[in-house]
Amino acid sequence: MNILHVDTNHPLLINQLAALGHTNHEDFTSTKIQIQNKISQYDGLIIRSRFSIDVEFLEQAKNLKFIGRVGAGLENIDVDYAAQKGIHLIAAPEGNQNAVGEHALGMLLSLFNKLNQADKQVRQGLWQREANRGVELEGKTVGIIGYGHMGKAFAKKLKGFEVEVLCYDIKPNVGDDNATQVSLEEFQKRAEIVSLHTPQTPLTIGMINSTFIEQFTKPFWLINTARGKSVVTKDLVSALKSEHILGAGLDVLEYEKSSFENLFSEANIPEALSYLMQSERVILSPHVAGWTEESHRKLAETIVNKIKFFFH
């Protein structure tokens, strides 16, 4: 097959596809329109998040057999129309699930132990032990929303911490030895920590809003390593101010561009984001939860293995 790569990835992806007999073409600089105008020449497309694959693009993809997204989700692809066209879609959540699980745990422990605040103070010559007294994870109830690859990986990391782990998911019977599946009502009654591991869908956009937050019985800590648009930032800020949310670890932000490569769509920093940037109860990272040296390789390997499975 002729395969077009429009994003850079681990070199093994192209090397192993070539070893399977495929012809690889790289184009990391052409515009979406330029790619669209030549996509009919290709049987396969490999993309990360450079641009969206919409109906107009797919209309031109006359010979496309598959699209491989080197990442966990497929939200930048019109999945329904691709299915109508008989285009097989491949994602690689298995490739970075461990990285996401570790990052979520790292954010949580950093928040509990005030590590970002303490680090800044010590660098300024301040030695404030009482102000940096932490809290322990042991004995807490952790709630995971979205119990797929990422949620399961996070639950697995929590095994040694003597916590109770609950999960909520729209799919039935996804709980396992690491997490007990409960109703949303029970989840909101019991959870003291909430970690998001959901894809971006119409159901999850704006899901964490003031109404949702107010339905929790206990103040809670929020971790989001999933998708930025799942959290309404101004409502998160209000909850931080009222201490209904005790702290937040955010690897993703509502204001990210859809490519995930840049933060701002406009020059001005929104007021809610400015608050997050200044808050000592918030830890931020630039959408890197699944972005490790190991996941770089594993994502590529996963895509190759799935292409091999479906087309050889």
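Preceding this section is the structure that the text describes.
Residues numbered from 1 in each chain as written. Predicted model: local features only at pLDDT ≥ 70, side-chain atom pairs only at ≥ 80, totals over all residues. Heavy atoms only, no water.

## Quick look at the sheet that holds strand E8 (residues 180-181)
(1) Moving on: The strand order across the open sheet built from seven strands is E8-E7-E6-E9-E10-E11-E12, with neighbouring strands paired in parallel fashion. For this open sheet the edge positions go to E8 and strand E12 (282-284), each flanked by a neighbour on one side alone.
(2) Moving on: The pairing of strand E11 (residues 245-250) with E12 spans three bridges and is classified as parallel. If you follow Leu250 over to E12, its bridge partner there is Leu284. (Pairing = 2+ DSSP bridges. Helix = DSSP H or I, 4+ residues; strand = E, 2+ residues; numbered from the N terminus.)

## Concerning the pairing of E11
(1) Moving on: Among the six residues of E11, five are classified as buried, and the element is accordingly described as predominantly covered.
(2) Moving on: In this structure, strand E10 (residues 220-224) lies alongside E11, joined through five bridges in parallel fashion. Residue pairing for E11: Ile223 is matched across the bridge by Gly249. (Buried < 20%, exposed > 50% of the residue type's maximum accessible area, 1.4 Å probe, protein only.)

## Side note on a nonpolar patch on the surface
(1) Moving on: Nonpolar side chains collect at one region of the surface, where Ile269, Met277 and Leu284 lie side by side and expose about 250 Å² of accessible area between them.
(2) Moving on: With respect to the helices, strands and loops of the structure, Leu284 is situated in strand E12.
(3) Moving on: Judged by relative accessible area, Leu284 falls into the partly exposed class, the value being 34%. (Patch = residues over 30% accessible without salt bridge, like charges linked within 9 Å, V, L, I, M, F, W, Y side chains within 5 Å. Areas by Shrake-Rupley, 256 points an atom, 1.4 Å probe, with all protein chains shown as cover. Salt bridge = Lys/Arg side-chain N within 4 Å of Asp/Glu carboxyl O.)

## A closer look at the packing of helix H5 (residues 93-112) against helix H7 (residues 149-157)
(1) Moving on: At a minimum axis distance of 8 Å, the contact between H5 and H7 shows a crossing angle of 50 degrees. Here H5 is positioned oblique relative to H7, judged by the angle of their axes. Classified by chirality, the crossing of H7 by H5 is right-handed. Across the interface between the two elements, Pro93, Glu94, Asn96, Gln97, Asn98, Val100, Gly101, Glu102, Ala104, Leu105 and Leu108 from H5 touch His149, Met150, Ala153, Phe154 and Lys157 from H7.
(2) Moving on: The residue makeup of the contact of H5 with H7, split by class, is eight nonpolar, five polar and three charged. (Axes fitted to C-alpha atoms, helices over the stretch in contact; angles between N-to-C directions. Parallel < 35°, antiparallel > 145°, perpendicular 65-115°, else oblique. Left-handed = near helix turned anticlockwise from the far one by under 90°. Contact = heavy atoms within 4.5 Å. Nonpolar A, V, L, I, M, F, W, Y, C, P; charged D, E, K, R; others polar.)

## Focus on helix H1 (residues 11-19)
(1) Moving on: Those residues of H1 not exposed but buried are Leu12, Leu13 and Leu17. Down the axis, H1 shows its buried residues gathered within 125 degrees of arc, on one side only. Across H1 from its buried face, at more than 90 degrees, point the exposed residues Pro11 and Ala19.
(2) Moving on: Looking at the buried positions of H1, the neighbouring elements they touch are strand E1 (2-5), strand E2 (23-26), strand E3 (44-47) and helix H12 (293-311).
(3) Moving on: Once H1 finishes, Gly21 follows within two positions and takes phi at roughly 100 degrees, a positive value. (Arc of directions from axis to C-beta.)

## Some words on the pairing of E1
(1) Moving on: Alignment of E1 against E2, held across four bridges, turns out to be parallel. Each bridged residue has a counterpart across the sheet, and for Ile3 the counterpart in E2 is Asn24.
(2) Moving on: Handedness of the crossover joining E1 and E2 through H1: right-handed.
(3) Moving on: Relative to E3, E1 is paired through three bridges, and the arrangement is parallel. From the neighbouring strand, His5 faces E3, where its bridge partner is Ile46. (Right-handed = clockwise from strand over helix to strand, strands pointing away.)

## Quick notes on the nonpolar core
(1) Moving on: In this structure, Val194, Leu196, Ile208, Leu222, Leu236 and Leu276 are the most contacted members of the largest nonpolar core, which totals 29 residues.
(2) Moving on: Only strand E9 (193-196), helix H9 (210-214), E10, helix H10 (233-242), E11 and helix H11 (271-278) provide two or more residues apiece to this core.
(3) Moving on: For this core, the leading source of residues is H10, giving four residues.
(4) Moving on: Each residue touching Leu196, except ones within four places of it in the same chain, is listed here: Ile145, Met207, Ile208, Leu222, Ile223, Asn224, Thr225, Ala226, Ser230 and Val231.
(5) Moving on: Counting 22 residues, the second largest nonpolar core, distinct from the first, contains Met107, Leu111, Cys167 and Trp221. (Core = buried A, V, L, I, M, F, W, Y, C linked by side-chain atoms within 4.5 Å.)

## Re the side chain of Thr204
(1) Moving on: Position of Thr204 among the secondary structure elements: in the loop between E9 and H9.
(2) Moving on: Thr204 has contacts with Thr198, Pro199, Lys229 and Ser230, leaving out every residue within four places of it along the chain.

## Some thoughts on the packing of aromatic side chains
(1) Moving on: For the structure shown, the criterion picks out seven aromatic pairs.
(2) Moving on: Where Phe51 meets Phe57, the ring centres are 5.8 Å apart and the plane angle is 45 degrees; that geometry is what we call tilted. Accessibility classification places Phe51 together with Phe57 in one group, the buried group.
(3) Moving on: Three or more aromatic residues joined by ring pairs form one cluster here, namely Phe187, Phe212, Phe216 and Phe220. (Phe/Tyr/Trp six-rings, centres within 6.5 Å; stacked < 30°, edge-to-face > 60°.)

## Details of the sheet that holds strand E5 (residues 88-90)
(1) Moving on: Judged by pairing direction, the sheet is parallel, and its five strands sit side by side in the order E2-E1-E3-E4-E5 without closing on themselves. The sheet is open, and its two borders are formed by E2 and E5, each paired with just one other strand. Adjacent strand axes in the sheet meet at a mean angle of 20 degrees, parallel and antiparallel pairs treated alike.
(2) Moving on: Those strands touched by H12 are E3, strand E4 (66-69) and E5, and its axis lies near 155 degrees from that of E5.

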